[in-house]
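Single-letter residue listing:
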Amino acid sequence: MAFIQDAPTLGNQFHDDRVLRSYLARSLPPDVSRAIEPELADLGGLAGGELFDLQQVDRSNEPRLVQWDPWGRRIDRIEVTAVWKRAQRLACERGVVAAAYEKKYGAYSRIQQMALVYLFDPSTDTYSCPLAMTDGAAKTLLTHKNAALIDRAVPRLTSRDPSRAWTSGQWMTERTGGSDVGLSETVAKQEGGQWRLWGTKWFTSAITSDMALTLGRPDGNGKGGRGLALFYVETRAQDGTPNGLTVDRLKEKLGTRKLPTAELTLSGTPAIPVVGLAHGVKSITPMLAITRTWNAVAAASGMRRGLALARDFARRRVAFGAPLSKKPLHLETFAGLEAEYEGAFHLAFRAVELLGQEETGELSPEGARLLRLVTPLAKLCTGRQVMAVMPEVVEVFAGAGYVEDTGVPRLLRDAQVLPIWEGTTNVLSLDALRAMAEGGSLEALLSEIEALGSAGRSGALAAAGREAVSASRRAAGWLAEARHRSPEITEAGARGAALTLARSLALALLVRHGQWSIEHERDGRAAAAAVRFAHHGVDRLAEPDPASAALADDQPLPA
Ligand code: MFK
C-alpha cells in the first residue's frame, strides 16, 4: 500500500507542558498550585482535544459582515466562526478574564489567569484578542475610578456568566496610523449634555464587542495625545442596532483571519468621558499595559503550540532511515527553538507576576518601576522570538508545512501580528526609552538581573548567568554614553539596547529556573535551555552606523 504520513496530534496541553508545569511548581505556593491544577488540566485537555479538532474542521471558515437585514435596515451584524462561538462561552465559564479580578489567590491570580490564557489562546483562533481588550478595559475603568462606568461595565467585563458577559474593543487606530495615536482625527462634541463622536476608526479588532474604549478630540482641544480624551462607548443601541456607527467593511488581513477587524465610521456615537477631557493617550495606557502582557503570553503560547506539533511530527516522520526525532541535525536545530521559547515564556510570566503584585498593592516603588520597563521589553522581545521560531516550525514540516490544510501555515501568519499590534518592535523600544527616562526602572532591572543571574551554581549555567549580568550592564553603559552624545544616536540604538536588556532578563530568569529545576526536580532541561539561550547571544547592541541613513533611504553616499 502507498505510504500515507500520519498527521501530528496533541495530548493534554497542560499535562504535556513541562515548562508551564515546572514554572508553576516554582512560582506558586503548593496550596495554590493544587487548587488551580484541575482547571488547568481540564482546559489543557480541551485545548489539545475538542478545540484543536474543531479548529481543523472550522479551518476554512471566516467571519462575515452582514450589513443589511432583508428589509433594508442597517444591522452590521458579524457572523463569527464555530470556534469563536465555542470560545466565547468557554472563556467566560473558565474565567479567562474573570480569574484576574476575582483575586482568589491574591497576587497569584494573575499567574492563574495567564496560565489559562496560555492554554486557551492557541486553540481558539485569536479569540484572545477581544479577551485581552476586555481585561484592559476593566483595568482602565478601575484605574480611573469612574464609579458609574465601573458599576455599569466591570461586572459584565469580568463575568463568568455567558448570558451577562461583555467584551470590549480598544479603538485607537485611525487612517493617520496606528503608532502615532496623537494624530487621531476623531472629534468629540457635546450636544445637550451628551458627548458624541465623529470620525473613522480604521483598524478595530473584534468588532463583535459590546463596548469600547476609544479616543476623541473634544471641540477646541489642542493637537497631539494630550488634546485627546478617553471615551467609553457602547456599540449597540437598546434595540440592538449599531449605536451611531457603521461597520464599513472587514479587513482583508494576512493572518488572524478568524478575528473580525473592521473599519468603522462614527457619526454621532454616544460616548462618555472616562476621566477628564484631555490626556487621552496617557489615560489609555493602563489598557496598553494589559494587552501588551497578553501579547507576550500569546507569543510564548504560540511558540509552544508550534513546537508541540513539530515535536510530535518529528517522532512520526521517517526520513533517511530514522524518525526525524533521532536525527542529530534536526535535534540540534530544534533545541535552539525550544530555548528561545523557554526564554520567552519566563520573560512573559515575569511581567505577569509583577502585574499581579501591582494589583494587590504588594509592589514596592522599585517594583513598580521595574514593571513599567519589563512590560514593553517582554512584548517586544517575545514578538521577535515568535517570528524567529515560527518559520523554523514550518520548516520542520517541510512541504507539508507549506500546505494550508495541515493547519501549519496559519501558525506563521497569525504570529506575524504579534510584533505589530499593541506597538511595533521599534515603537516599544522607544517606549522602553521613555520608561527609563522616568528614572529608576533601569536600575531596578539591573538589580533584578544581577540577583537572578547569580543563581547559577556552577559551570555553564553560572557562566550564562554572568553573561546576562554583563550584557545588561553593557546596555546600560551604552545608553548612558549615547545620551551624552545625541538623542538621534540614542533613538537609533534603542532597539539594540531594548533587545539586549530583554534578552539579558530572559537569560537570567532561565538561569534561576534552571538551577531551581536541577535542585527540586532533578531535571537538567531548563538549565540546558538557559545555556543554549546564552549561546544564541543576548547582546544585541549595535553602534548606529553613520552610513545607515544613506543605505536605508538609498541616498548618495560619497565613497
Ligand atoms: C493576544 C494578544 C491580544 C492583543 C489584543 C490586541 C488588540 C488589537 C488592538 C490594537 O492594536 S489597538 C492599537 C494599539 N496601539 C498602540 O499600542 C499604540 C502604539 N503607540 C504607542 O504606544 C506610542 O508610544 C504612543 C501612542 C503612546 C505615543 O503617543 P504620544 O502622544 O506621542 O505619547 P507621549 O507624549 O510620549 O506620552 C503621553 C503620556 O503618556 C506621557 O505622560 P505625561 O503626559 O505625564 O508626560 C507618557 O509618559 C505616557 N505614556 C506613554 N506610553 C506609556 C505611558 N505611560 C505608561 N505606559 C506607557 N506605555
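Source: prediction; values computed, not measured. (Residues numbered from 1 in each chain as written. Predicted model: local features only at pLDDT ≥ 70, side-chain atom pairs only at ≥ 80, totals over all residues. Heavy atoms only, no water.)

Participant: Even after reading the chapter, I still don't get the overall build of the chain, so can you show me in this structure?
Facilitator: A tally of regular secondary structure across the chain gives 19 helices and 11 strands. Against the compact-globule benchmark of 24 Å for 559 residues, the chain has a radius of gyration of 24 Å, which places it among compact chains. Referenced to the eigenvectors of the C-alpha coordinate spread, the extents of the chain come out at roughly 70 × 70 × 60 Å. Out of the 559 residues in the chain, the part that is buried amounts to 57%. Excluding contacts between residues fewer than 6 apart, the proportion of contacts in the chain whose partners are at least 24 apart in sequence is 75%. Where the 66 positive side-chain charges of the chain centre and where its 65 negative ones centre are 1 Å apart. (Helix = DSSP H or I, 4+ residues; strand = E, 2+ residues; numbered from the N terminus. Rg over C-alpha atoms; globule rule 2.2 N^0.38 Å. Buried < 20%, exposed > 50% of the residue type's maximum accessible area, 1.4 Å probe, protein only. Contact = heavy atoms within 4.5 Å. Lys, Arg positive; Asp, Glu negative; His and termini not counted. Charge placed at Lys NZ, Arg CZ, Asp CG, Glu CD.)

Participant: How should unusual backbone geometry be read in this particular structure?
Facilitator: For residues that are not glycine, phi is negative in most cases, and the peptide bond is trans in most cases. Its identity is not glycine, yet Lys-145 carries a phi of approximately 55 degrees, on the positive side. Looking at where Lys-145 falls in the secondary structure, it is placed in the loop between helix 7 (128-144) and helix 8 (147-157). With a phi close to 55 degrees, Ala-206 is a non-glycine residue in the positive phi region. With respect to the helices and strands, the residue Ala-206 is situated in the loop between strand 5 (194-205) and strand 6 (211-218).

Participant: What am I meant to see in the packing of helix 11 (residues 365-396) against helix 12 (residues 408-415) here?
Facilitator: If you want to describe how two helices pack, look at the angle between their axes and the distance between the axes. Put simply, helix 11 and helix 12 touch, their axes get as near as 9 Å, and they point 165 degrees apart. Between helix 11 and helix 12, the angle is such that the two are roughly antiparallel. In terms of crossing hand, the pair formed by helix 11 and helix 12 is left-handed. For the pair helix 11 and helix 12, the contacting residues are Val-386, Met-387, Met-390, Pro-391 and Val-394 in the first and Val-408, Leu-411, Leu-412 and Ala-415 in the second. Class assignment for the residues of the contact of helix 11 with helix 12 results in nine nonpolar, no polar and no charged. (Axes fitted to C-alpha atoms, helices over the stretch in contact; angles between N-to-C directions. Parallel < 35°, antiparallel > 145°, perpendicular 65-115°, else oblique. Left-handed = near helix turned anticlockwise from the far one by under 90°. Nonpolar A, V, L, I, M, F, W, Y, C, P; charged D, E, K, R; others polar.)

Participant: I keep staring at the pairing of strand 4 (residues 187-191) and nothing clicks. Help me out?
Facilitator: With five bridges connecting them, strand 4 and strand 5 associate as antiparallel partners. Paired with Glu-191 across the two strands is Gln-194, which belongs to strand 5. Across two bridges, the pairing between strand 4 and strand 6 is parallel. Following the sheet pairing, Val-187 is matched in strand 6 by Arg-217. (Pairing = 2+ DSSP bridges.)

Participant: Would you take a moment to explain the domain arrangement of the chain for this structure?
Facilitator: By convention, interface size is frequently given as the accessible area that disappears when the constituent parts associate. According to the domain assignment, the chain consists of domain 1 (169-283) and domain 2 (429-545). Placing the centre of domain 1 and that of domain 2 at their C-alpha centroids yields a distance of 38 Å. (Domains from an automatic or database assignment.)

Participant: Just to check I follow, could you spell out the site of the ligand for this structure?
Facilitator: Surrounding the ligand, one finds 26 residues, the nearest of these being Ser-179, Lys-282, Arg-292, Glu-422 and Arg-434. Arg-292 has a polar side-chain atom sitting 2.9 Å from an oxygen atom of the ligand. Separating an oxygen atom of the ligand from a side-chain N or O atom of Arg-434 is a distance of 3.0 Å. With the chains in place, 81% of the 1200 Å² that the ligand exposes on its own is no longer accessible. (Near = heavy atom within 4 Å. Polar contact = N/O pair within 3.5 Å; in protein donor to acceptor, adjacent residues only side chain to side chain. Areas by Shrake-Rupley, 256 points an atom, 1.4 Å probe, with all protein chains shown as cover.)

Participant: Which parts of the structure should I look at to understand helix 8?
Facilitator: Each full turn of the α-helix corresponds to 3.6 residues, which orients residues three or four apart in the same direction. Listing the buried residues of helix 8 in full gives Leu-149, Ile-150, Ala-153, Val-154 and Leu-157. For helix 8, the buried positions fall inside an angular range of 110 degrees around the axis, keeping them on one side. Exposed residues pointing more than 90 degrees away from the buried face of helix 8 are listed as Ala-148 and Asp-151. Tucked inside the fold, the buried residues of helix 8 contact helix 7, strand 3 (168-171), strand 6, strand 7 (229-234) and strand 9 (261-273). (Arc of directions from axis to C-beta.)

Participant: Please explain the environment of Ala-415 as it appears in this structure.
Facilitator: Locating Ala-415 in the fold gives a position in helix 12. Its relative accessible area of 3% is what places Ala-415 among the buried residues. Sequence separation between Ala-415 and Pro-391 is 24 residues, and the spatial gap between their C-alpha atoms is 9.8 Å. Those residues in contact with Ala-415 that lie beyond four places of it in its chain are Val-386, Met-387 and Met-390.

Participant: What's the story with the pairing of strand 9 in this structure? I'm lost.
Facilitator: Each regular strand shows side chains that alternate between the opposite faces of the sheet. With nine bridges connecting them, strand 5 and strand 9 associate as antiparallel partners. The residue of strand 9 that forms the bridge with Lys-201 is Leu-264. Bridge count between strand 7 and strand 9: three bridges; the pairing is antiparallel. The residue of strand 9 that forms the bridge with Phe-231 is Pro-273. Inspection of the sheet shows strand 8 (residues 245-250) paired to strand 9 by five bridges, in the antiparallel sense. Bridge pairing in strand 9 links Leu-245 to Leu-266.

Participant: Looking at this structure, how should I read helix 3 (residues 50-57)?
Facilitator: Regarding helix 3, the residues found buried are Leu-51, Phe-52 and Gln-55. Seen end-on, helix 3 carries its buried residues on one side only, within an arc spanning 100 degrees. Contact partners of the buried residues in helix 3: helix 2 (30-48), helix 4 (82-93), helix 9 (280-316) and helix 12.

Participant: Which parts of the structure should I look at to understand the packing of aromatic side chains?
Facilitator: The geometry of an aromatic ring pair comes down to the distance between the two centres and the angle between the two planes. Counted under the stated rule, the structure contains eight aromatic pairs. Note on Tyr-23 and Phe-345: the rings are 5.4 Å apart at their centroids and 75 degrees apart in plane angle, and the pair reads as edge-to-face. Of this pair, Tyr-23 sits in helix 1 (residues 18-27) while Phe-345 is found in helix 10 (residues 328-359), placing the two residues 322 residues apart along the sequence. We note that Tyr-23, like Phe-345, is buried. Residues Phe-345 and Phe-349 carry aromatic rings whose centres are separated by 4.6 Å and whose planes lie at 25 degrees to one another, so their mutual orientation is stacked. Of this pair, Phe-345 and Phe-349 both sit in helix 10, four residues apart, which is roughly one turn of the helix. The exposure class of Phe-349 is buried, given its relative accessible area of 0%. Clustering of aromatic rings is evident, with ring pairs tying together Tyr-23, Tyr-118, Phe-345 and Phe-349. Over the aromatic face of Trp-198 sits the side chain of Lys-189, whose NZ or CZ is 5.7 Å from the ring centroid. (Phe/Tyr/Trp six-rings, centres within 6.5 Å; stacked < 30°, edge-to-face > 60°. Lys NZ or Arg CZ within 6 Å of the ring centre and 35° of its normal.)

Participant: Help me understand the pattern of salt bridges in this model?
Facilitator: Where charged atoms from two side chains of opposite charge approach closely, those side chains can pair. Enumeration over the complete set of coordinates arrives at 42 salt bridges. The partner of Arg-18 in a salt bridge is Glu-338, with the nearest N and O atoms 3.4 Å apart. You can see Arg-18 sitting in helix 1 and its partner Glu-338 sitting in helix 10, a full 320 residues away along the chain. Across the pair Arg-73 and Asp-69 runs a salt bridge, and its minimum N-O distance is 2.9 Å. When salt bridges with common partners are traced through the structure, they connect Arg-110, Asp-135, Lys-139, Glu-358 and Glu-359 into a single cluster. (Salt bridge = Lys/Arg side-chain N within 4 Å of Asp/Glu carboxyl O.)

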